[in-house]
Amino acid sequence: MKYLSMFDKIDLHLIRVLHTVLTERSVSRAALRLGMYQPAVSAALKRLRELAGDPLLVRSGSGMVPTEAGLRMVEPAAHILRSAEMLFSDARSFDPAATTHTFSLAASDYLDPVFLPQLVAQLKSQAPGCHIDIHPLSADADYRRQLAQGQVDVVIGNWLKPPDDLHLGRLFGDEVVSLVAHHHPAVKRGWDTEAWLAVDHIAPMPTHPGARGVIDDHLASQGLMRNVVARCPHFGQIPAMVADSLLVLTTGRHYCERFLDKLPLQILPCPVNFPRMMYYQLWHERTHSSAAGRWLREQIKTVAAALRKPDAESPAAA
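Definitions and limits used
- Residues numbered from 1 in each chain as written.
- Predicted model: local features only at pLDDT ≥ 70, side-chain atom pairs only at ≥ 80, totals over all residues.
- Heavy atoms only, no water.
- Helix = DSSP H or I, 4+ residues; strand = E, 2+ residues; numbered from the N terminus.
- Contact = heavy atoms within 4.5 Å.
- Areas by Shrake-Rupley, 256 points an atom, 1.4 Å probe, with all protein chains shown as cover.
- Phe/Tyr/Trp six-rings, centres within 6.5 Å; stacked < 30°, edge-to-face > 60°.
- Buried < 20%, exposed > 50% of the residue type's maximum accessible area, 1.4 Å probe, protein only.
- Pairing = 2+ DSSP bridges.
- Right-handed = clockwise from strand over helix to strand, strands pointing away.
- Core = buried A, V, L, I, M, F, W, Y, C linked by side-chain atoms within 4.5 Å.
- pLDDT = per-residue confidence, 0-100.
- Axes fitted to C-alpha atoms, helices over the stretch in contact; angles between N-to-C directions.
- Parallel < 35°, antiparallel > 145°, perpendicular 65-115°, else oblique.
- Left-handed = near helix turned anticlockwise from the far one by under 90°.
- Nonpolar A, V, L, I, M, F, W, Y, C, P; charged D, E, K, R; others polar.

Re the overall build of the protein chain
A tally of helices and strands in the protein chain yields 13 helices and 12 strands. Put simply, 75% of the contacts in the protein chain that link residues at least 6 apart link residues at least 24 apart. Entry remark: accessible area of the protein chain is about 16300 Å², with carbon and sulfur atoms responsible for 55%.

A short note on the packing of aromatic side chains
Inspection of the entire model under this criterion finds eight aromatic pairs. Ring plane angle 50 degrees and centroid distance 5.6 Å describe the contact between Phe 94 and Trp 295, whose orientation is recorded as tilted. Of this pair, Phe 94 sits in the loop between helix H5 (68-89) and strand S3 (102-107) while Trp 295 sits in helix H13 (residues 291-307), and the two are 201 residues apart along the sequence. Aromatic side chains Tyr 255 and Phe 259 sit 5.1 Å apart centroid to centroid with 50 degrees between the ring planes, which places their arrangement in the tilted category. The same class applies to Tyr 255 as to Phe 259, namely buried.

Here we look at the pairing of strand S4 (residues 131-136)
Consecutive side chains of a regular strand alternate in pointing toward one face of the sheet and then the other. Bridge analysis of S3 against S4 gives six bridges, and the strand direction is parallel. Looking at the pairing, Leu 105 lines up with Ile 134 of S4. Read from S3 through helix H6 (residues 115-126) to S4, the crossover connection turns out right-handed.

Here's the deal with the nonpolar core
Judged by nonpolar contacts, the single largest core of 67 residues is most densely connected at Phe 115, Ile 156 and Trp 196. Here this core takes eight residues from H13, the largest share from any one element. Apart from the residues lying within four places of it in its own chain, the contact partners of Trp 196 are Ser 178, Trp 191, His 201, Leu 219, Arg 226, Val 248, Thr 250, Cys 270, Pro 271, Val 272 and Phe 274. Leu 18, Val 27, Leu 34 and Leu 48 belong to the second largest nonpolar core, which has 19 residues in total.

Here we look at unusual backbone geometry
Look at Arg 25: it is not a glycine, yet its phi comes out positive at around 55 degrees. Position of Arg 25 relative to the elements: it lies in the loop between helix H2 (12-24) and helix H3 (27-34). In this structure, Leu 56 takes a positive phi of about 70 degrees despite not being glycine. Assignment of secondary structure puts Leu 56 in the loop between helix H4 (38-52) and strand S1 (57-60).

Considering helix H10 (residues 214-221)
Those residues of H10 lying buried are Val 214, Ile 215, Asp 216, His 218 and Leu 219. On the buried face of H10, the contacting elements are strand S5 (154-158), strand S7 (176-181), helix H9 (193-198), strand S9 (228-232), strand S10 (248-252) and strand S12 (277-283). A positive backbone phi angle near 75 degrees is found at Gly 223, which sits one or two residues after H10.

Considerations on the pairing of strand S8 (residues 201-204)
In the sheet, S8 pairs with S9 via four bridges, with the strands oriented parallel. Across the sheet, Ala 203 pairs through a bridge with Arg 231, a residue of S9. Two strands pair when backbone bridges link them, and S8 and S10 are joined in this way by two bridges, in the parallel orientation. The partner of Ile 202 across the bridge, within S10, is Leu 249.

Focus: the confidence of the model for the protein chain
Low pLDDT marks stretches whose predicted atomic positions should not be read closely. Per-chain confidence: the protein chain averages 87 in pLDDT, with 89% of residues scoring 70 or above. Contacts of residues 309-318 to residues separated by more than four positions or lying in other chains number 27 contacts, the stretch itself having pLDDT below 50.

Notes on the sheet that holds S9
Ordered by their spatial adjacency, five strands build an open sheet running S9-S8-S10-S7-S11, and the pairing between neighbours is mixed. Each edge of the open sheet carries a strand with a single partner, namely S9 and strand S11 (265-269). Pairwise comparison of adjacent strand axes, ignoring direction, gives a mean angle of 35 degrees for this sheet.

Comments concerning the packing of H6 against H13
Axis separation between H6 and H13 bottoms out at 10 Å; the angle between their running directions is 130 degrees. Put simply, H6 runs oblique to H13. Here H6 and H13 pass one another in a crossing that is right-handed. Residues Phe 115, Gln 118, Leu 119, Gln 122, Leu 123 and Gln 126 of H6 form the contact with H13, whose own contacting residues are Trp 295, Leu 296, Gln 299, Ile 300, Thr 302, Val 303, Ala 304 and Leu 307. Residues belonging to the contact of H6 with H13 are distributed by class as follows: nine nonpolar, five polar and no charged.

Observations concerning the sheet that holds S12
The mixed open sheet is built from five strands, whose spatial order is S4-S3-S5-S12-S6. Every interior strand has two partners, whereas the edge strands, S4 and strand S6 (167-174), have only one. The mean angle between the axes of side-by-side strands here comes to 20 degrees, regardless of whether they run parallel or antiparallel. For S3 and S5, the ladder comprises three bridges, and the chain directions are parallel. Across the sheet, the residue bridging to Ala 107 is Ile 156, located in S5. Against the sheet, H6 engages S3, S4 and S5, with an angle of about 160 degrees to S4.

Structure follows, in structure tokens:
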């Protein structure tokens, strides 16, 4: 009887608020993500605290952190939400035109400056009622945990060796080149490996904890290290920084070519022999058989195929 009394006080919406508040670690951010007013989220959190007999979320310095009991609830709450979604969404065929599903993906703008805008346009043209959450890939984000807990459906990026504990679909490959300003000395003089390593390089911030990036990972495998003097979390701003300095950006040719007609920049070959930069989409087993998940991955593959250069490798089936 006590179990039934407790069960009657819990609904799926309350579980969703619980998971969002604990993962966002902020009532205001949770309210934005849920599309609710902050007082309503605060009221739901009060109910949850009464049910749990625990504060669940407490203040720590200028922020909030989950209690031990709250941390133990994150994965069970995510599991309940995933199961509820699968119960109904996959019990019938997925209809993009009628769906109000929220698609969540993590990506950086280093793929191509027009990739994400075109992907959003593609999704909204096919599924006008859907919602789209785009999360950044940053050193503060653990994309494996985000995939496992249902915070994101797909992660899009490039890896020298993609993780083997996730499903993956290859999107395209690209030649590694260096981007420099027109006035960079290497434009006239050229460079060898020693000179290239010694010049001032700019690189993106790591995309996840412990990451160095595919360029520096490959260099390390060859016993080499370049002189990185600047890092920026906003990859789309780096070409402008390169155009007004002697900094060198090394990344995929396809990305660099997008800026040649907008800024005084030039592409130079790298004296170091890099393997092709491969771009993938990664997803967890939890969405592998989901009709909505399969549809999302197909849209990503379609947009990537439209952007890739003719000499890029063909994308593998997702």
